[in-house]
Every structure is written in structure tokens, then in C-alpha cells.
Amino acid sequence: MLLELFLTLGALCSVLTVFLNATLVTSIVDIWIPIVLWIVYSIAFFGLYVLAFVIMSLFVDKSKPQEKPNRFYLAVFVETIALYFRLARIEIRVRGKEKVPATGNFLLVSNHLSDHDFMSMLTVLRGRSIAFVSKPENFDKPIIGRMLHKSGFLPINRQEAREALLTIREVAERLKTMPISYGVFPEGTRNRESNKVLLPFHEGVFLMAKKAGVPIVIVRVTGTDEVKKRSPWRKTRVYVDFVDVIDTDTVRACRSHELSEMAREKMEAAEGLPEIPEIRRTFKYGNN
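All figures in this text were calculated on a predicted structure; none of them were measured in a lab.

### Regarding a nonpolar patch on the surface
Side chains of L7, I28, I31, W32, I35, V36, W38, I39, V40 and I43 sit close together on the surface and give an oily, nonpolar patch of about 970 Å² of accessible area. Examining the composition of the nonpolar patch, we find that seven residues originate from one element, helix α2 (residues 32-58), more than from any other. Inspection of the secondary structure assignment puts I35 in helix α2. The partly exposed category is assigned to I35, whose relative accessible area is 44%.

### Describing the packing of helix α1 (residues 2-20) against α2
The description of two helices packed together rests on the angle between their axes and the distance between the axes. At their nearest, the axes of α1 and α2 sit 7 Å apart, and the two run at 135° to each other. In terms of orientation, α1 and α2 fall into the oblique class. In the packing of α1 onto α2, the handedness of the crossing is right-handed. For the pair formed by α1 and α2, the contact residues are L2, F6, L7, L9, G10, A11, C13, S14, T17 and V18 on the first element and P34, L37, W38, Y41, S42, F45, F46 and Y49 on the second. Taken together, the residues of the contact of α1 with α2 sort by class into 14 nonpolar, four polar and no charged.

### Observations regarding α1
The end-to-end C-alpha distance of α1, which contains 19 residues, comes to 27 Å, matching closely the 27 Å that a straight helix rising 1.5 Å per residue would cover. Among all positions in α1, only L2, F6, G10, S14 and T17 are buried. Looking straight down α1, one finds its buried side chains confined to an arc of 110°; they lie on one side. Away from its buried face, by an angle of more than 90 degrees, α1 presents the exposed residues L12, V15 and F19. Among the structural elements, α2 and α3 (71-87) are those in contact with the buried residues of α1.

Cut-off values and rules
- Residue numbers restart at each chain and count upward from 1, following the sequence in its written direction.
- With pLDDT at 70 or above as the cut-off, local features in this predicted model cover only qualifying residues; side-chain atom pairs require 80 or more to be listed or tallied, and sums for whole chains, interfaces and linings still use all residues.
- Note: side-chain values were computed over all heavy atoms of the structure, leaving out hydrogens and water.
- For patch building, the residue pool is restricted to those with more than 30% relative accessible area and no salt bridge; the joining distance is 9 Å between like charges and 5 Å between nonpolar side chains (Val, Leu, Ile, Met, Phe, Trp, Tyr).
- The method behind every accessible area is Shrake-Rupley, applied with a 1.4 Å probe, and residues are considered shielded solely by the protein chains displayed.
- When a carboxyl oxygen of Asp or Glu lies within 4 Å of a side-chain nitrogen of Lys or Arg, that pair is called a salt bridge.
- Helix and strand definitions follow DSSP, with helices as H or I runs of at least four residues and strands as E runs of at least two, each counted in order from the N terminus.
- Burial classification: accessible surface area is computed with a 1.4 Å probe over protein chains only, and a residue below 20% of its type maximum counts as buried, one above 50% as exposed, and the rest as partly exposed.
- Note on geometry: axes are lines fitted to C-alpha atoms, helical ones only across the stretch in contact, with angles between N-to-C directions running from 0 to 180 degrees.
- When an angle is under 35 degrees it counts as roughly parallel; over 145 it counts as roughly antiparallel; between 65 and 115 it counts as roughly perpendicular; any other value is oblique.
- The sense of a crossing depends on the near helix, which, turned anticlockwise from the far helix by less than a right angle, makes the crossing left-handed and, turned clockwise, makes it right-handed.
- Contacts between residues were defined by any pair of non-hydrogen atoms, one from each residue, lying within 4.5 Å.
- Three classes are used, and their members are as follows: Ala, Val, Leu, Ile, Met, Phe, Trp, Tyr, Cys and Pro are nonpolar, Asp, Glu, Lys and Arg are charged, and the others, Gly among them, are polar.
- Any helix carries an expected span of 1.5 Å times its number of residues minus one.
- The reported arc concerns the directions from the helix axis to the C-beta atoms and nothing else.

Printed below as a string of C-alpha cells:
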């Protein structure tokens, strides 16, 4: 959507410039002038947006706890990710999106291959307020760390059980009281294994859903680990599979380790789907 907006505004400014300066185009030979103006204006609008994004981040004070996710910052962050995917030639193919609950909060549980995992899911689920639990180091990144903080993302220190439990409780409380869903990676770290066999799950993250009484949406992401190797010179195809949903009654009835095993089994059963691209539909960036 943002790319189309920049191109449209660039075209309007180009036409307006030519209209107000009739001497710019006096013959068919000068047709290149409005085209160049269109490109220059479009790039200028893109640059202004990037500048505005950076300035927005500077107003974020990470030393102050973000008690409530800022939905405006979250929306801007998600739209910026979608723009980045367009420019980086990352094509998302999605299956099973209709399984995601249409209303209410949920816990999004996914495998973890790269930093592009959460970005892919946020792009596919645009229009829904979703934040992620992430490692503390991501909040130290310039600009991005500030946007994560303001958008409601929460750090989890898996090396310190007490701190991790506090984050789990905070996520559960937000799932119960705020109009926002959360995503987690139960593997706890990126999977760099060549065979992509799922790493051991941290069962504690499933307490978030149990304490909040929300369903668990199980996702299998593939292809995100290829982005840095290929983008932007070659198109990268990323697959987002909404495998299944564990309903609220089952979440309440099962223990954390049972939910962990259930989610793992469903993720493993989804392996191989990317080899059948014809059964998937390409995600349209303009759709929610």
C-alpha cells in the first residue's frame, strides 16, 4: 500500500509541476521530463517516510515501561515491514489463514528460522493487532528496538527463569485485558540445523495461553532463512502455513507439556507443504 501511495503522489506532483511550468514540455521529445520527475518525487516521498519513521522512534523512551501497546506505532511498523518485503522482492504464500479466529485474542506459536519469521506473520495478518515476545538483544537495535518497545513487543530472558516467568505473566495479562494477540517461538532460538528438525520446545510459553484462556494458533514458516542469501537480487518465496488451532477448551484442559507436544506434532506434520506451491495462494499486500 505504501509503495503505491508513493508512486501515486509522485505522479500527481509530476503532473502538477508540468502543468505549472508549461515550458518544461513543449514537444513529444520532452516526454522524459515528467517521467524523471515522477521517479524523483516518488523517491522523495519514500525518503520523507523513512525520515518520519526514524523521528517517530526518537520519541520513544525505552527506559519507561510500555504499559499499553501503542496501536498507531504498531500499524506503522507493520506497514513498513510490508513495504520492505515489496522492495526486497519477498513473496509470501499463505495457507490456512481462514483458521485464524476472526475475533478475540490468541497465542500465535511458530517455528523459528530467522528474523523474517515474525515479519512474515505480521504482514499476512495485517489489520490484526499482534505483537511478539522476543529476545532482549532485539530491543537494543537502533530505531527498530524503540519501535518494538512502543508497539507492545516484550523481551523474554530465557536464561533467567524468574524474569521469563514475569514476561509470561505479563503476556497472559495483556491477552486477557487488552485487544492484542501475541506470538512466540517455543524453540527459543533460531533453528540453524540443515535438516530443519524442530528444536526442543520451551513448555513454559504455553502458560501464556493457559493463564489467559485463549486459543493457540499453530504456524509453520519456511523459506525465511533464504532471504538474506537471495534478497533483493533474486525473488525469495516465503511460506506461512496456519496449520491448526487448539481451541480454548483444550487449552484449559491440557497441561503445558501436553500443549507443547500437541503443537510440535502439528508443526512436524506440516513439513513438506512448500513443495506443493500450486495448493497455495499468493498473499496480496493490499489485503488484510
